[in-house]
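# Commentary on secondary and tertiary structure
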Amino acid sequence: MPDTRDLVRAASLTFLVAVGATVNVRVRIRATTHGVSWTEVAIVVGVAVAPLPWMILATGLGMIIARVLRGLKPLKIVFGIAKEMSLAAVAGSVLTLAGWAWPLTGSLNRAVWTLVLAYLIVVVLDEALTLPVIALATRTPARHLFWENLDLRTASAAARLLVTVSTLLILHSNPSFLIVVPPLVLSLHLTYSSRIHSRFERDAWQRLARTTDALNVVDLDKVLTTAVTQAAALFSADEVEIALREGERTVRGAAGTRTYDGPAEPNSAVGGSTIEVRLEGHDRAVDVGTLRLRFRGPVRFSEREQYILRTFASALCTSMRNAQAYAELARVADEHAYAATHDPLTGLANRRRLLEQGRAQLDTRHADGVTALMLIDLNHFKEVNDTLGHSAGDQVLIQVAERLRGAAQDGDLVARLGGDEFAVLLRGLPAPAVAAHRAEALLAALREPLDLEGMRISVEASGGIAVAPTDGGVAELLRRADVAMYQAKRAGQRISTYAATRDTADLGRLALGGELPRAVADHEFTVNFQPIVDLATGEVTSAEALARWHHPVHGMIDPLRFLEAVERSGLLPAFAEAILDQALIAADSWRAAGFDLAVAVNVSPRSLLDPRFPGAVLARLRAHDLPPDRLVLELTETLTLSQLDVVDRVLTRLRDEGIRLALDDFGTGYSSLSLLSRIPVHELKIDRSFVSVMDTSAEAAAVIRSTLDLGRSLGLTVVAEGVESEPQRRALWEAGCVSGQGHLFGRPVPAGTLLSALHRGFDGRPGTLAPPLHDAGAVLRLPPGRRQGGRGRTERLPHLPA
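Notes on the structure follow.

The rules behind the values
- Residues numbered from 1 in each chain as written.
- Predicted model: local features only at pLDDT ≥ 70, side-chain atom pairs only at ≥ 80, totals over all residues.
- Heavy atoms only, no water.
- Helix = DSSP H or I, 4+ residues; strand = E, 2+ residues; numbered from the N terminus.
- Buried < 20%, exposed > 50% of the residue type's maximum accessible area, 1.4 Å probe, protein only.
- Areas by Shrake-Rupley, 256 points an atom, 1.4 Å probe, with all protein chains shown as cover.
- Salt bridge = Lys/Arg side-chain N within 4 Å of Asp/Glu carboxyl O.
- Pairing = 2+ DSSP bridges.
- Axes fitted to C-alpha atoms, helices over the stretch in contact; angles between N-to-C directions.
- Contact = heavy atoms within 4.5 Å.
- Phe/Tyr/Trp six-rings, centres within 6.5 Å; stacked < 30°, edge-to-face > 60°.
- Expected span 1.5 Å × (residues − 1).
- Parallel < 35°, antiparallel > 145°, perpendicular 65-115°, else oblique.
- Left-handed = near helix turned anticlockwise from the far one by under 90°.
- Nonpolar A, V, L, I, M, F, W, Y, C, P; charged D, E, K, R; others polar.
- Patch = residues over 30% accessible without salt bridge, like charges linked within 9 Å, V, L, I, M, F, W, Y side chains within 5 Å.
- Polar contact = N/O pair within 3.5 Å; in protein donor to acceptor, adjacent residues only side chain to side chain.

### Brief notes about the overall build of the chain
- Assigned secondary structure in the chain consists of 28 helices and 23 strands.
- Counting over 802 residues, the chain shows a buried share of 49%.
- Approximately 38800 Å² of the chain is accessible, and the part contributed by carbon and sulfur atoms is 57%.

### Description of the pattern of salt bridges
- For the structure on display, the rule yields 27 salt bridges.
- A salt bridge links Asp629 to Arg630; its shortest N-O distance comes to 3.7 Å.
- Note that Lys685 and Glu721 form a salt bridge whose closest N and O atoms lie 3.5 Å from each other. Placement of Lys685 in strand E21 (residues 683-686) and of Glu721 in the loop between strand E22 (717-720) and helix H27 (726-735) is noted, with a sequence separation of 36 residues between them.
- Judged by relative accessible area, which is 4%, Glu721 ranks as buried.
- Overlapping salt bridges bring together Glu239, Glu241, Arg252, Glu276, Arg292 and Arg294 as one network.

### Details of the sheet that holds strand E5 (residues 257-263)
- Taken in spatial order, the 5 strands line up as E5-E4-E3-E7-E6 in an open sheet, and their pairing is antiparallel. Of all strands in the sheet, those bounded by a partner on one side alone are E5 and strand E6 (273-280). Going from strand to strand, the sheet's axes swing by 15° on average, the running direction of each strand aside.
- Sheet topology places strand E4 (residues 249-254) next to E5; 6 bridges connect them, and they run antiparallel. Along E5, the bridge assignment pairs Arg249 with Pro263.
- Most of the contacts of helix H10 (residues 303-341) go to E6, to which it runs at about 50°, and overall it touches strand E3 (239-244), E6 and strand E7 (287-295).

### Regarding the packing of aromatic side chains
- According to the stated counting rule, one finds 3 aromatic pairs in the structure shown.
- Between Phe529 and Trp590 the ring centres are 5.1 Å apart and the planes differ by 80°, which places this aromatic pair in the edge-to-face class. Of this pair, Phe529 sits in strand E15 (residues 525-534) while Trp590 is found in helix H20 (residues 572-592), placing the two residues 61 residues apart along the sequence. Assigned by exposure class, Phe529 and Trp590 land together as buried.
- Chaining the aromatic ring pairs together yields one cluster made of Phe525, Trp549 and Phe575.

### Remarks on the pairing of strand E18 (residues 598-602)
- Counting buried residues along E18, 4 of its 5 residues qualify, which places the element largely inside the surrounding structure.
- Here strand E16 (residues 540-551) pairs with E18 via 4 bridges, running parallel. From the neighbouring strand, Ser542 faces E18, where its bridge partner is Ala598.

### As for the pairing of E22
- The two faces of E22 match: Thr717 and Val719 on one face and Val718 and Ala720 on the other face are all buried.
- The pairing of E21 with E22 spans 4 bridges and is classified as parallel. Its bridge partner being in E22, Lys685 is matched across the sheet by Val719.
- Where E22 and strand E23 (residues 739-740) come together, 2 bridges link them in parallel fashion.

### Regarding the side chain of Glu524
- Turning to its location among the elements, Glu524 is positioned in the loop between helix H18 (516-521) and E15.
- Note on Glu524: relative accessible area 10%, which makes it buried.
- Apart from the residues within four sequence positions on either side, Glu524 is in contact with Arg518, Ala519, Arg548, Trp549, His550, His551 and Pro552.

### Let's talk about helix H4 (residues 74-97)
- The first and last C-alpha atoms of H4 sit 35 Å apart over 24 residues, in line with the 34 Å expected at 1.5 Å per residue.
- Within the sequence span of H4, burial applies to Ile77, Gly80, Ile81, Lys83, Glu84, Leu87, Ala88, Ala91, Gly92, Val94 and Leu95.
- Just downstream of H4 lies Gly99, where phi reads positive at about 80°.

### Notes on the packing of H20 against helix H21 (residues 613-624)
- Orientation of H20 relative to H21, taken along the N-to-C sense of each, is 30°, at an axis distance of 10 Å. With respect to H21, the element H20 is oriented roughly parallel. Judged by the sense of rotation from one axis to the other, the crossing of H20 with H21 is right-handed. Between H20 and H21, the residues in contact are Glu577, Leu580, Asp581, Leu584, Ile585 and Asp588 and Val617, Arg620, Leu621 and His624, respectively.
- For the contact of H20 with H21, the per-class residue count stands at 5 nonpolar, 1 polar and 4 charged.

### Observations concerning a nonpolar patch on the surface
- Together, Leu61, Ile64 and Val68 make up an exposed nonpolar region whose accessible area comes to about 260 Å².
- With respect to the secondary-structure elements, Ile64 resides in helix H3 (residues 52-69).
- The class of Ile64 is partly exposed, set by a relative accessible area of 40%.

### Let's talk about unusual backbone geometry
- Positioned with a positive phi, Asp625 is a non-glycine residue whose angle comes to about 55°.
- On the secondary structure map, Asp625 appears in the loop between H21 and strand E19 (631-635).
- A residue is classified by how much of its surface remains accessible, and Asp625, at 63% relative accessible area, is exposed.
- A positive phi is found at Asp763, a non-glycine position, where the angle reads about 55°.
- Asp763 gets classed as exposed once you look at its relative accessible area, which sits at 70%.

### Focus: the sheet that holds strand E9 (residues 413-418)
- As summarised here, the arrangement of the 5 strands in space is E9-E10-E8-E13-E14, forming an open sheet in which the pairing is mixed. Each of the sheet's edge strands pairs with one partner strand only, and the pair in question is E9 and strand E14 (495-497). Neighbour to neighbour, the strand axes of the sheet diverge by 20° on average, direction disregarded.
- Here 7 bridges tie strand E8 (residues 370-379) to strand E10 (residues 421-429), and the two strands are oriented antiparallel to one another. When the sheet's bridge partners are listed, Leu373 is paired in E10 with Leu425.
- Together, E8, E10, strand E13 (460-467) and E14 form the strand contacts of helix H15 (residues 433-444), whose direction differs from that of E10 by roughly 140°.

### A closer look at the packing of helix H13 (residues 381-388) against helix H14 (residues 390-407)
- Across the interface, H13 lies against H14 with an axial gap of 6 Å and an inter-helix angle of 140°. As judged from the angle between their axes, H13 and H14 are oblique. Here Phe381, Val384, Asn385 and Leu388 of H13 come into contact with H14, specifically with His390, Ala392, Gly393, Val396 and Leu397.
- Of the residues assigned to the contact of H13 with H14, the class counts are 6 nonpolar, 3 polar and no charged.

### A few points about the side chain of Thr346
- Along the chain, Thr346 turns up in the loop between H10 and helix H11 (351-363).
- Here Thr346 falls in the buried class, since its relative accessible area comes to 11%.
- A polar atom in the side chain of Thr346 sits 2.6 Å from the side chain of Asp343.
- Polar side-chain contacts of Thr346 include one of 3.2 Å to the backbone nitrogen of Leu348.
- Excluding residues that lie within four positions of it along the chain, Thr346 makes contacts with Leu397, Ile398, Ala401, Arg405 and Arg416.

### Some thoughts on H11
- Under the 1.5 Å per step criterion, the end-to-end length of H11 is 18 Å for 13 residues, consistent within 8% with the ideal 18 Å.
- Taken residue by residue, H11 has Arg352, Leu354, Leu355, Gln357, Gly358, Gln361 and Leu362 as its buried positions.
- Between the side-chain oxygen at the start of H11 and the backbone nitrogen of Arg352 there is a gap of 3.2 Å, and the oxygen is on Asn350.

### Examining the environment of Leu293
- Along the chain, the position of Leu293 falls in strand E7.
- Along the sequence, Leu293 and Phe235 sit 58 residues apart, while their C-alpha atoms lie 8.0 Å from each other.
- Once residues lying within four places of it in the same chain are set aside, the contact partners of Leu293 are Phe235, Ala237, Glu239, Val240, Ser273, Thr274, Ile275, Phe301 and Leu309.

Note that every value here comes from positions in space, so none of it alone points to a role or purpose.
Rendered as structure tokens:
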């Protein structure tokens, strides 16, 4: 029967194992918490100084005590006891086979190497038994677990080996020195714990930074996929779920893969614990959904993990809101683009779409074959409207559109230009002569009578066809087709093909082109100015410079007749400088008179291809001592502006120097969201064609409304062109439009005439050309639902048809 010393010895060994198993560094992987302990030190020391059977039993008892005190699950208790008892048996067997005896009697050097061998075998066997079990429990690749923190694990094993050897050497030489072992073990344990936690914290913040960077995309699906896949690794979760508030959509992911995307579904394959956080901004004003982290077992987040979760949720909320805002902006832009390029009655392309497609086609005409344009005008259509009413007339136009669409080939573009006028862009023709045959087939589709509410109505039409010229743009092609159509009407023919010999207008234009050098040299080009006013107050804020040609024989010539010839000639820089000079001189004179107005000048797209253009503009500003922000350059998207890589540097320099940029004719189909994202403009100008029919056309109202919304979203000033009446002015102002120009405020006049009008003012108020929409100091009652925007305007369009 063992004596008291043996019992004390056994109890000491049991206590040593229990303490070694209790003092550990804990690491959470998914729902399982794992510890790195000092048990192998206790085991190796124990089997070195005590009989092997005693140490195996002491290891089992010590592990039972440690595991029960920690409240572990029975399965983990059994696995831990079995593993540690196996390690004790292996360590003791290695020492026995090596001839180990205690107290040490042989070579001290040999004894140390025997201890090192036994300890290394225990450590390797411990890793081999533990890593596969952790990998299976957490569904993490064992290779990943092996390489994770391998450097720290190796350093810790070396430190524990040093403690083991030092302890046994102290016991061998002088047991009283054992008092230094506990402080050494404690300091090593604290150092290792600190390094492990620092490493995990650093890795966690780095993963958070990478994850939030990956969320910076504008596609909502990519944001959600990135969030659920990256958050699973970031928080070591078995599954991540995002439940969107809008649309009741749920997205789930795990282990780098999106596993579900569809309607809200309450059930998840992952049972256990769930940590949930609302996706809301810092101000908590907007709640876009809920983020849920699911674990297969109980999990409790540390304070650091909770802070990282809140930071991630806030970043995810911001990314989702940005993606949703961008999607809405893109949707509005798409609706805007469609409404601006299609006829609302027939669904055909409209004039703007035709011009856009025509430009693109003429740019590649040599590769795609011959391009031609046919214009079709319905004869006596006015009689249908007058006799049967406009509703019947609309039905005629719809049926004509359907027949033309059916008769056209796949590559053709059928458009309605307005009223009873249609156009067909014929593309990829093998030869010019084929255009006439295709035109005959299109008109043949209209020979059969139309069925109109039980009545059979015959429709006659005249057509003109023109083949694209070797030079000149789509506007010239449209003009020639129009000439041919009226030739057909005058001659009583169904179809007429354009003939240059009968085009007197074209001959006159050529004659004007030949006089351009003399006109530039003799300063025959003058500038008139149309005021731009604040819609609310009637105060003039700027003026647009409009070029005119004062011909000594033909009198005042409209710019539409000579601008294209100027652009094709080599006189564009001299012409542009002359117009800019006159505009700046006028602005300087207004400023000297006390009216600090900006002046807007239209810029030819070809000028933007000249890298010297910004320098020339800045030189003229310095010459007239005008601040750069007093000049607004108005741009129009054309074929040249679509080559944005060429003009980016020119526009960027102009803007960086303080010159304001405006996008003219916005809403005509040439401008787009992608263009706005590249050209750094300050203003949008709504085309007059929309303003003129804003109270009768749902299409025009939609374009105006979306343009104003777009301007507000991007922080741009919006100017409405073609304001002709007070009702239009008030409706635009109530919709949120800041400025307007049109005949209501003033027609284009010379600079001196405009200055005199500014001095007179409206009703004795200098600087104004219209009465204010409300008296100074008056209290305004806003319509219900209307709220003040960032520019002091409303965000709805109450008087425009929806």
